[in-house]
Amino acid sequence: MKARNPRTGEEDYEFAVTSREEIASEAARLRAAQPAWEAMGPEGRAAVMMRFAAVIEAAAPSIAAALSVDTGRQAVSRIEVQGCAGNIRGWAAKAPALFASLPSEVEQSFTPGVEIVPAYSAYPLFGAICPWNFPVILSHIDAVPALMAGCAALVKPSEITPRFVEPMREVLAQVPELPLAYIMGGPEVGQALIEEVDYVCFTGSTATGRKVAEAAARQLIPANLELGGKDPMIITASADPEWAAGVALRSSIVATGQACQSIERIYVARDIAEPFLAKLVENAQAVEITYPDPSSGHLGPFIFSPQGAKVQAHIDDAKAKGARVLSGGQIEELGGGTYLRPTILADVTTEMAVMREETFGPVLPVTIFDDIEDAIAQANDTEYGLSAAVLAGSMEEAARIGSRLEAGAISLQDGAMTSMVGDAANESRKASGLGPSRMGNSGLLRFLRRQSLIQQTGQAITIDAYAEGARG
Ligand code: NAD
């Protein structure tokens, strides 16, 4: 299979798709290694995971270099690799105490004479199917707590961004006791993975998430889905408009808007709308694309080639239905890459695709509201429920409004914090996901199956207890 370079547009990388037989043999190898891994206990596993993090840190320049070709961005690639190592260290430090906090005392059952001894065991083989927008972080975000729980892990990165896997396999070779493997390819490899594993975590689009959930249902395995979003930000009349403009812009355009938790709809109170929009446009116009110099500027190219056309279609549809473009608005083809400067849209309506569908680009549609109740209703008028944000004059006001938004994670007095705060438990709502939170304690605990050892301390029950006419 070939992969396209998002800066040059050239298919300059070739990789071997993992065959069905290879997937089965990798799964069998991992299954064979898993009992010893689980038997090491949380402290033993944590020690190995700390070494894994250290080897990643030592190899960070080569991983980040490959990742920056995959994604067309340098700074974010370095941040991703550091973040991945930090995630491993965080879970390794946390897991032993989490295991120790699990109820282990013998419980007296309400059935007379019976005691219950709780026990826990990990799903043997965990699988992850991953997207292209943050390839390193999202290929490990669920695998790391799964490994710490005692599972073996089979990971399928996106076929759009495969280059980082080569240096990661070199890292893995230095930690041979870690039961983790990568398999490569497109949808059919994802489908094959689901047939091999005992638990699947999927991060990607809502459309593919539905297919993964259906396939997991056929296998009768749990599926955790982390899907798309159309995250709203409400800015109230008491917020400082200049500050709000800075927060709104950053929350919408980091990584060229190719982030699930990007702010994709802005609702601003009429009282401050004018200075807010003026500052937003001024800030947006100061943002540079990373072309021609990849080491300067803020916004890199779109990673996935059809993405630029999809984002442009949202902008064109909005314009055709009466939206005004206050900045940006036109994708640029430069040196084989596709770029878009921050695009601010005013006079948007709910008939426009840009207000209903995930755009996944640096586009900020701004709606002015008069009544906060109306703003809350509009923010909740979406099929998605990933995250949201509120900017106000005080934390109390922001919290009051935020608690009424139908989403898993609500940033207050900032925006799009979901991915930056790795231990804020949140469960996505509506079409944005399914299953327990990947963040917070459930990130690990979801991979443990509770078992009960039911101890009969009285007389074992005989068939006579069920004899017709028997008296109790
Ligand atoms: P995608 O759904 O196109 O692909 C994701 C993965 O699924 C890829 O590895 C792909 O090969 C695989 N796949 C495709 N069809 C499959 C099938 N039928 N069975 C099994 N696997 C299959 O998503 P994408 O375009 O790579 O990623 C962007 C999307 O991911 C956006 O919608 C974004 O919002 C979402 N996302 C969500 C989160 C979150 O935490 N909620 C985080 C990042 C990205």
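The rules behind these values
- Residues numbered from 1 in each chain as written.
- Predicted model: local features only at pLDDT ≥ 70, side-chain atom pairs only at ≥ 80, totals over all residues.
- Heavy atoms only, no water.
- Helix = DSSP H or I, 4+ residues; strand = E, 2+ residues; numbered from the N terminus.
- Rg over C-alpha atoms; globule rule 2.2 N^0.38 Å.
- Contact = heavy atoms within 4.5 Å.
- Areas by Shrake-Rupley, 256 points an atom, 1.4 Å probe, with all protein chains shown as cover.
- Lys, Arg positive; Asp, Glu negative; His and termini not counted.
- Charge placed at Lys NZ, Arg CZ, Asp CG, Glu CD.
- Near = heavy atom within 4 Å.
- Polar contact = N/O pair within 3.5 Å; in protein donor to acceptor, adjacent residues only side chain to side chain.
- Nonpolar A, V, L, I, M, F, W, Y, C, P; charged D, E, K, R; others polar.
- Domains from an automatic or database assignment.
- Buried < 20%, exposed > 50% of the residue type's maximum accessible area, 1.4 Å probe, protein only.
- UniProt positions renumbered as here; feature names shortened; annotations may be inferred.
- 1 Å grid on protein atoms, 1.4 Å probe; cavity = no way out; pocket = protein on both sides within 12 Å on 5 of 7 lines; lining within 4 Å.
- Points joined across faces, edges and corners; volume = space filled by probe spheres on them.
- Expected span 1.5 Å × (residues − 1).
- Bend = angle between axes of the 7 residues up to and from the residue.
- Salt bridge = Lys/Arg side-chain N within 4 Å of Asp/Glu carboxyl O.

> Describe the overall build of the protein chain, and please don't skip the residues or the numbers.
A tally of regular secondary structure across the protein chain gives 16 helices and 22 strands. Against the globule reference of 23 Å for 472 residues, the protein chain gives a C-alpha radius of gyration of 25 Å, in line with a compact fold. Taking the principal axes of its C-alpha atoms as reference, the protein chain extends roughly 80 × 55 × 35 Å. Across the protein chain, contacts joining residues at least 24 apart in sequence account for 72% of those joining residues at least 6 apart. Summing over all exposed atoms, the protein chain offers an accessible surface of approximately 19,800 Å²; the carbon and sulfur share of this is 55%. Of the side chains in the protein chain, 38 bear a positive and 57 a negative charge, and the two mean positions are spaced by 1 Å.

> Any chance you could break down the site of the ligand for me, citing the residues and the numbers?
In the neighbourhood of the ligand, 28 residues make up the surrounding shell, with Cys130, Glu159, Ser205, Leu227 and Glu358 lying closest. In the environment of the ligand, an oxygen atom lies 2.9 Å from a nitrogen or oxygen atom belonging to the side chain of tryptophan 132. Glycine 204 places a polar main-chain atom, nitrogen or oxygen, 3.3 Å from an oxygen atom of the ligand. In isolation the ligand exposes 850 Å². Once the protein is present, 90% of that is buried. Those elements that provide at least two residues to the shell around the ligand are helix H8 (187-196), strand S8 (199-203) and helix H9 (206-219). When grouped by side-chain class, the residues that make up the shell around the ligand number 12 nonpolar, 10 polar and six charged. Mapping the shell around the ligand onto the domain boundaries places at least three of its residues in each of domain 1 (2-227 + 438-455) and domain 2 (231-419).

> Break down the environment of alanine 47 for me, with residues and values.
Residue position: alanine 47 is located in helix H2 (residues 41-58). Judged by its relative accessible area of 45%, alanine 47 falls in the partly exposed class. Spatially, the C-alpha atoms of alanine 47 and arginine 89 are 9.7 Å apart, while their sequence positions differ by 42 residues.

> Talk me through the UniProt feature "active site" (unreviewed entry) in the protein chain; I want residue IDs and the actual numbers.
Under the present numbering, the feature "active site" (unreviewed entry) in UniProt falls on Glu226. Structurally, glutamate 226 is set in strand S9 (residues 223-226). Those residues within four positions of glutamate 226 in sequence are excluded, and the remaining contacts are Phe202, Thr203, Gly204, Ser428, Ser432 and Arg438.

> Now, about the UniProt feature "domain: Aldehyde dehydrogenase" (unreviewed entry) in the protein chain: what can you tell me, with residues and values included?
Here the UniProt-annotated "domain: Aldehyde dehydrogenase" (unreviewed entry) positions come out as residues 2-451. Between the C-alpha atoms that bound residues 2-451 the distance is 46 Å, and the span itself is 43% helix and 20% strand.

> Describe empty space enclosed by the protein, naming the residues involved and giving the relevant values.
All told, the structure shown has three cavities of 30 Å³ or more when counted by the stated rule. The space that makes up the largest cavity amounts to roughly 70 Å³. Residue lining of the largest cavity: 15 residues in total, with Pro232, Thr382, Tyr384, Ser387 and Glu406 positioned closest to the centre. Those elements giving two or more residues to the lining of the largest cavity turn out to be strand S10 (231-235), helix H14 (372-380), strand S17 (384-385) and strand S18 (387-391). The residue makeup of the lining of the largest cavity, split by class, is seven nonpolar, four polar and four charged.

> Kindly report on helix H1 (residues 20-39), identifying the contributing residues and their values.
Given a rise of 1.5 Å per residue, 20 residues ought to cover 28 Å, and the 29 Å separating the end C-alpha atoms of H1 matches this to within 8%. Of all the bends in H1, the greatest reaches close to 35° and is centred on alanine 33; the proline proline 35 follows between one and four positions later. Of the residues making up H1, those classed as buried are Ile23, Ala27, Leu30, Gln34 and Trp37. Backbone geometry just downstream of H1 places glycine 41 in the positive-phi region, at approximately 80°.

> Explain the pattern of salt bridges to me, and be specific about the residues and the numbers.
Following the criterion strictly, the structure yields 25 salt bridges and no others. Ionic pairing is found between arginine 29 and glutamate 26, a salt bridge with its closest N-O pair at 2.8 Å. Of this pair, arginine 29 and glutamate 26 are both found in helix H1, three residues apart, which corresponds to roughly one turn of the helix. In this structure, lysine 279 engages glutamate 282 in a salt bridge whose closest nitrogen and oxygen atoms are separated by 3.3 Å. On the criterion of helical spacing, the pair formed by lysine 279 and glutamate 282 is a turn pair, its members being three residues apart in helix H11 (residues 270-285).

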